[in-house]
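Chain residues, written in single-letter form:
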Amino acid sequence: MDITSLTAVELGKKIKAKEISVVDAVKASIVQIEKMEKDVHSFVTIDKEGALKRAEEVQKLIDHGTLTGPLAGVPVAIKDNMCTKDMLTTCSSKILGNFKPTFTAEAVLNLERAGAVIIGKTNMDEFAMGSTTETSYYGETKNPWNLNHVPGGSSGGSCAAVAAEECPYALGSDTGGSIRQPSSFCGVVGIKPTYGTVSRYGLIAYGSSLDQIGPIAKDVADCATILEAIASHDPKDSTSIAREKYDFTSALVEDVEGMKIGIPKDYFGDGLDKEVKEKILEAVKVLEEKGAIVEEFDLSLVQYAIPAYYVIASAEASSNLSRFDGVKYGYRTQEYEGLHNMYKKTRSEGFGAEVKRRIMLGSFVLSSGYYDAYYLKALRTKALIKQAFDNAFAKYDVIIAPASPTTAPELGKSLSDPLKMYLGDIYTISVNLAGLPGISIPVGTDSKGLPVGMQIIGNCFEENKIIRVAYTFEQTRTYERPELVKEGR
Amino acid sequence: MAKQYETVIGLEVHVELATKTKIFCSCSTEFGGAPNTHTCPVCTGMPGSLPVLNKQVVEYAMAIGLATNCDITQVCKFDRKNYFYPDNPQNYQISQLYLPIARNGYVEIEVGDLKKKVRIHEMHMEEDAGKLVHDEWDDTSLVDYNRSGVPLVEIVSEPDMRSADEVIAYLEKLRTIIQYLGASDCKLQEGSMRADVNLSVREVGTEKFGIRTEMKNLNSFKAIARAIEGERERQIELLEEGKEVIQETRRWDDNKESSYAMRSKEDAQDYRYFPEPDLVPIVISDEWIAKIKAQQPELRTEKLERYKKEFDIPQYDAEIITNSKHMADIFEATTAICKKPKKVSNWLMVETLRLLKDHDMEPEDIKFSPENLAKLIGLTEAGTVNSSVAKEVFEKIFAEDIDPEKYVEEHGLKTVNDEGALIEVLEKVIADHPQAVADYKGGKEKALGALVGQTMKAMKGKANPGMVNQKLKEMLKEC
Amino acid sequence: MANKISDETIEYVGILAKLELSGEEKENAKADMEKMLDYIDTLNELDTEGIEPMSHVFPVHNVFREDVVVNGDGSKDTLANAPLMKDNSFKVPKTIG
């Protein structure tokens with residue numbers, strides 16, 4: 001039996017039924033990692049020993065009937081910006097190269113309570129700043145569908161690991177599209193939940209008002225199950241919201257009869273790749289045939305989301321990242337003269353170019369004399385964008401859009417023109433600004449054989465609608481695996 | 001004729017709130033402890049940690065705001081103040097700039113015959129920084145985050161003060177109010193109350209304010225007074241020389257009695273404030289304000305009136321005692337035990353004030369327990385010790401909070417009430433001082449005092465003076 | 001290009017952000033920032049008159065903690081990752097004053 005091709009829920013069932021032991025599940029992942037890593041490089045840290053030890057413990061708890069949940073014994077990979085106690089957590093940065101947190105992120109703890117076995121920490125754009133996973137200090141991750149292409153970012157390691165079947169599922173984080181865009185590039189499913197649904201405690205902040213942790217897996221059922229496990233009201237996170245219900249799996253229903261789907265015209269115009277557009281509109285057609293009511297509309301303000309986002313996210317990042325100064329943890333430069341020189345050398349040597357670029361921009365827009373013109377203007381724009389979504393959701397149950405204007409670009413083609421790279425986030429970013437939930441699901445491949453992702457956006461706290469639409473569509477097709485994985489090289 | 005200058009002073013007063021835990025985490029605020037023992041991921045800026053606001057901080061801040069006649073900001077928010085310094089673990093301080101919790105207040109002060117209002121511009125909540133200790137051994141600094149995250153309010157006055165006396169009156173007034181609210185112990189020496197002085201000078205008669213400086217590191221009323229005088233002189237000197245005052249932050253060195261500028265190229269003083277995304281707004285309802293008002297403890301004025309009525313304490317004494325919440329607490333607790341308010345007041349007004357002055361201490365520094373003062377009063381009332389012994393014992397109570405009953409017993413300080421022993425001594429005194437005896441008999445009442453003194457001396461102060469007096473008179477009549 | 005970032009500005013922002021940029025990095029930073037600011041300036045096309053700046057996307061408020069000591073001695077964890085330490089404290093270059 002091919003353990004690694006199973007979904008997380010399927011594997012969980014077999015573990016529960018004693019068809020597969022937890023140790024075997026973990027070993028299967030390790031074998032696959034050993035096969036794939038030289039090509040894909042999804043991981044910054046792989047913890048074989050820890051995972052095997054934990055597998056034995058979890059097996060006992062399952063045998064004792066203590067752990068009964070659907071994810072008990074299933075291996076997982078965690079994006080390297082979530083704190084894991086005593087396990088390196090680098091944010092793919094040199095500045096945290098030796099950092100071992102003393103506590104575990106709440107979302108990860110929730111998974112551990114559900115019996116998850118952490119096999120490692122996945123690669124990402126440094127501090128989640130980037131859309132390709134090329135800004136990692138520890139080398140780029142490659143797209144399992146085509147090793148000459150990027151996996152997307154910033155959760156590129158998590159998405160590539162799932163696509164390469166190195167683990168059944170992974171956690172990512174999404175500040176401006178960092179779960180949905182790489183999910184679409186890697187042909188997997190990823191959810192960015194409503195802001196406040198998953199605790200941010202232990203997530204190393206990039207843009208605090210935008211960051212959200214979410215699941216990445218092979219199918220919608222897995223994502224709903226994982227989201228159910230990680231979502232919680234956490235008193236340690238003041239922005240965590242006490243939701244009425246944390247039940248997402250009940251939305252796994254194949255039925256879109258009468259659901260209203262809005263297609264924002266402005267998301268399908270200039271700049272969108274023709275093939276991507278076709279694939280998504282085909283998928284929409286499928287949903288229409290299944291009884292959904294599809295309507296085009298003007299969402300407006302689309303072009304203002306990116307500039308507003310870069311002001312807000314960079315400003316927050318410039319402040320969030322000021323704690324990395326060589327005093328309390330992480331890298332400190334070797335030679336320095338005095339305090340300020342120590343700060344400057346540590347940070348200049350410890351951060352990569354993209355991080356420095358955003359810290360500079362963020363510091364500038366907050367500096368004396370510019371706050372109103374840039375920061376407040378961006379916050380007002382955010383209010384208008386939220387308003388536009390509110391108006392849309394008064395009419396539609398969900399909004400369907402591309403996850404990215406193109407399929408995965410080739411390696412090395414994005415970083416030379418940052419602004420162009422930023423424009424790639426045009427369809428995902430406004431969802432973060434408005435705090436909404438979004439899911440990306442694969443809808444096929446383009447002529448180059450690269451996956452195309454469709455984004456389904458819901459109103460806040462309405463994950464269940466996007467899960468239902470995604471699940472319904474998913475039933476009409478089979479999961480596609482990259483050649484690399486099928487060959488089993 | 002030389003120009004006349006007026007000093008214009010505004011104050012930024014930081015007060016550490018008396019909460020059990022820090023403002024954004026559940027670490028203890030207890031003073032002391034080995035470095036970094038009262039710390040957690042939140043107050044040391046660990047990656048991934050997040051702040052959660054202590055409700056008691058908001059309630060203390062509201063109480064102070066209301067007691068200083070401020071408007072409470074019913075939707076208030078926290079902002080980040082960004083600057084790099086090792087005592088600030090996140091390299092930003094969570095504070096309030098745009099919507100501070102209280103605004104537009106005032107307190108009334110009295111200096112001599114002058115009564116005036118000092119307006120409060122705003123008051124905000126924020127977190128304290130850690131402590132830096134210079135390590136002489138290898139010329140580095142050591143950082144301890146035990147104080148990092150201790151809750152503070154910063155009270156910013158308008159530039160309404162004109163002299164050091166007014167500044168001190170304002171600070172004393174604030175201190176009394178806050179102590180009575182139980183919101184802080186306000187000890188300047190220990191840093192639970194700190195004042196930064198914003199000072200400028202202008203020619204008398206001019207409307208426009210001069211350029212001001214901000215003076216930091218002032219940890220006693222005396223230092224504040226000296227710093228104000230020093231800075232006033234420094235600024236006037238500059239102006240007289242035709243130079244300009246530079247707007248800057250200066251650090252007062254009270255030993256050298258001079259200040260120096262804290263500016264450096266690396267301190268741009270551009271704090272890049274923006275709304276703290278990790279904390280949600282605070283919405284304060286009318287009901288909440290009403291509740292805080294209703295919970296307000298008896299403030300000084302009410303207490304003063306009650307002391308006059310309930311205990312028949314004179315105005316002046318009641319003023320002194322209630323000037324310090326701590327002293328008032330001792331007064332009430334002691335009175336509750338011994339039921340002798342006037343005696344208690346007397347011990348506080350005379351001996352306690354004298355000892356405080358001798359030791360250069362504040363009433364807040366009083367360490368003795370009401371139980372021991374009550375016991376001492378009991379001993380004097382019962383005539384077990386005489387007044388001079390009592391004073392001696394009180395000094396021990398003041399210094400070490402000893403149990404007076406045990407102390408008197410152990411040191412054999414009880415008044416001797418044994419007539420036989422007294423008569424023996426008296427006979428000897430009368431025999432040894434014929435001149436004094438003759439003088440007394442000759443009508444010189446004063447001579448009696450000398451004989452009493454000699455008797456007390458012979459009995460090492462332990463005699464009951466009333467008894468000595470009475471017995472001596474009887475025996476003199478007979479001889 | 002509308003926005004011009006001077007050497008002084010880059011220098012100043014470097015002081016604020018505690019970043020020391022090499023000559024080449026500075027030139028790149030200037031060009032990047034000018035480009036980004038031009039792009040950000042497109043926000044000025046939007047009429048935001050009378051719109052409240054939105055820092056929190058949901059109207060959640062009054063999230064508090066009770067004033068109860070929960071944490072014990074945290075010094076071991078606090079210092080676990082210290083690059084340099086002495087006497088249970090973080091060691092840093094000498095600070096002024």
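Before any of the text, the structure's been laid out above.
The rules behind each value
- Residues numbered from 1 in each chain as written.
- Chains lettered and ligands numbered in written order.
- Predicted model: local features only at pLDDT ≥ 70, side-chain atom pairs only at ≥ 80, totals over all residues.
- Helix = DSSP H or I, 4+ residues; strand = E, 2+ residues; numbered from the N terminus.
- Buried ≥ 20, exposed ≤ 12 C-beta atoms within 10 Å, placed from the backbone.
- Rg over C-alpha atoms; globule rule 2.2 N^0.38 Å.
- Contact = placed C-beta atoms within 7 Å.
- Expected span 1.5 Å × (residues − 1).
- Pairing = 2+ DSSP bridges.
- Axes fitted to C-alpha atoms, helices over the stretch in contact; angles between N-to-C directions.
- Parallel < 35°, antiparallel > 145°, perpendicular 65-115°, else oblique.
- Left-handed = near helix turned anticlockwise from the far one by under 90°.
- Nonpolar A, V, L, I, M, F, W, Y, C, P; charged D, E, K, R; others polar.
- Right-handed = clockwise from strand over helix to strand, strands pointing away.

J.: Could you clarify how one ought to interpret the overall build of chain C in this entry?
T.: A count of helical and extended segments in chain C gives three helices and three strands. Shown N-terminal to C-terminal, the secondary structure of chain C runs as helices and strands in the order α-α-β-α-β-β. On the principal axes, the C-alpha backbone points of chain C span a range of 55 × 45 × 25 Å. Counting across all 97 residues of chain C, residues that qualify as buried make up 28%.

J.: Can you help me understand the overall build of chain A in this one?
T.: Per the secondary structure count, chain A includes 16 helices and eleven strands. Relative to the compact-globule value of 23 Å for 489 residues, chain A shows a C-alpha radius of gyration of 21 Å, a close match. Judged by the C-alpha coordinates and their principal axes, chain A covers about 60 × 55 × 45 Å. The buried share of chain A, taken over its 489 residues, is 67%. A fraction of 76% describes how many contacts in chain A between residues 6 or more apart in sequence connect residues 24 or more apart.

J.: What should I look at first to understand helix H1 (residues 55-67) of chain B in this one?
T.: An α-helical turn contains 3.6 residues, so a residue and the one three or four places further along point in the same direction. Residue and element names in this part refer to chain B. Taking 1.5 Å of rise per residue, 13 residues should cover 18 Å, and H1 covers 19 Å from first to last C-alpha, within 8% of that figure. Where burial is concerned, most of H1 is hidden: ten out of the 13 residues are buried. Residues of H1 that are buried include every one of Gln56, Val57, Val58, Tyr60, Ala61, Met62, Ala63, Ile64, Gly65 and Ala67, and no others. Backbone geometry just downstream of H1 places Asn69 in the positive-phi region, at approximately 60 degrees.

J.: Can you help me understand helix H7 (residues 220-230) of chain A in this one?
T.: Of all eleven residues making up H7 of chain A, eleven are buried, and the element is well covered by its neighbours. Three or more residues of H7 of chain A are buried, namely Val220, Ala221, Asp222, Cys223, Ala224, Thr225, Ile226, Leu227, Glu228, Ala229 and Ile230 of chain A.

J.: Looking at this structure, how should I read the pairing of strand E15 (residues 258-261) of chain B?
T.: Side chains on a regular strand alternate between the two faces of the sheet. Looking at chain direction, strand E14 (residues 249-253) of chain B and E15 of chain B are connected through four bridges and run antiparallel. When the sheet's bridge partners are listed, Trp252 of chain B is paired in E15 of chain B with Ser259 of chain B.

J.: Honestly, the environment of Val40 of chain A in this entry has me stumped. Any pointers?
T.: Mapped onto the elements of the fold, Val40 of chain A is located in helix H2 (residues 22-40). Expressed as a C-alpha distance, the spacing of Val40 of chain A and Glu275 of chain A, which sit 235 residues apart in the sequence, is 26 Å.

J.: Could you clarify how one ought to interpret the packing of helix H12 (residues 419-432) of chain B against helix H15 (residues 465-478) of chain B in this entry?
T.: When two helices pack together, their arrangement is captured by the angle between the axes and the distance separating the axes. Residue and element names in this part refer to chain B. It is the contact of H12 with H15, at a shortest axis distance of 11 Å, that shows an interaxial angle of 55 degrees. By the angle between their axes, H12 is oblique relative to H15. Pair H12 / H15 crosses with right-handed handedness. Packed against H12, whose contacting residues are Leu422, Ile423, Leu426 and Ile430, the element H15 presents Met467, Val468, Lys471, Leu472 and Met475 at the interface. Here the contact of H12 with H15 is composed, by residue class, of eight nonpolar, no polar and one charged.

J.: Honestly, the interface of chain B and chain A in this entry has me stumped. Any pointers?
T.: A common way to state how big an interface is: give the accessible area lost once the parts meet. Listed by partner, the interface residues are 25 residues for chain B and 32 residues for chain A. Here the side of chain B that touches chain A is composed, by residue class, of 14 nonpolar, six polar and five charged.

J.: Sorry, what's going on with the sheet that holds strand E9 (residues 131-135) of chain B here?
T.: Picture the strands of a sheet paired through backbone hydrogen bonds; they go either parallel or antiparallel. What the four strands build is an open sheet, ordered E9(B)-E10(B)-E3(C)-E2(C); its pairing is antiparallel. The open sheet has two edge strands with one neighbour each: E9 of chain B together with strand E2 (85-86) of chain C. Relative to strand E3 (residues 89-93) of chain C, E2 of chain C is paired through two bridges, and the arrangement is antiparallel. Of the residues in E3 of chain C, the one forming a bridge with Lys86 of chain C is Ser89 of chain C.

J.: I'm lost on the sheet that holds strand E13 (residues 213-216) of chain B in this one. Help?
T.: All names here are of chain B. Taken in spatial order, the nine strands of this open sheet run E3-E7-E8-E11-E1-E12-E13-E14-E15, and their pairing is mixed. The outermost strands of the open sheet, each flanked by one partner alone, are strand E3 (71-72) and E15. Lying over the sheet, H1 contacts E3, strand E7 (102-111), strand E8 (114-127) and strand E11 (151-157), oriented at roughly 165 degrees with respect to E8.

J.: Explanation requested: the pairing of strand E3 (residues 117-122) of chain A in the structure shown.
T.: Residues and elements named next belong to chain A. Among the six residues of E3, six are classified as buried, and the element is accordingly described as predominantly covered. Where strand E1 (residues 43-46) lies against E3, three bridges are found, and the strand directions are antiparallel. Paired with Phe43 across the two strands is Thr122, which belongs to E3. Bridge count for strand E2 (residues 75-79) against E3 is five bridges, and the pairing is parallel. Paired with Ile78 across the bridge in E3 is Lys121. Crossover handedness for the path E2 to helix H4 (residues 106-113) to E3: right-handed.

J.: Would you take a moment to explain the interface of chain C and chain A for this structure?
T.: Counting from both sides, the interface comprises 36 residues of chain C and, opposite them, 53 residues of chain A. Of all elements in the fold, only helix H1 (7-17), helix H2 (23-40) and E3 of chain C reach the threshold of two or more residues within the side of chain C that touches chain A. Here the side of chain C that touches chain A takes seven residues from H2 of chain C, the largest share from any one element. Residue composition of the side of chain C that touches chain A, by class: 24 nonpolar, six polar and six charged.

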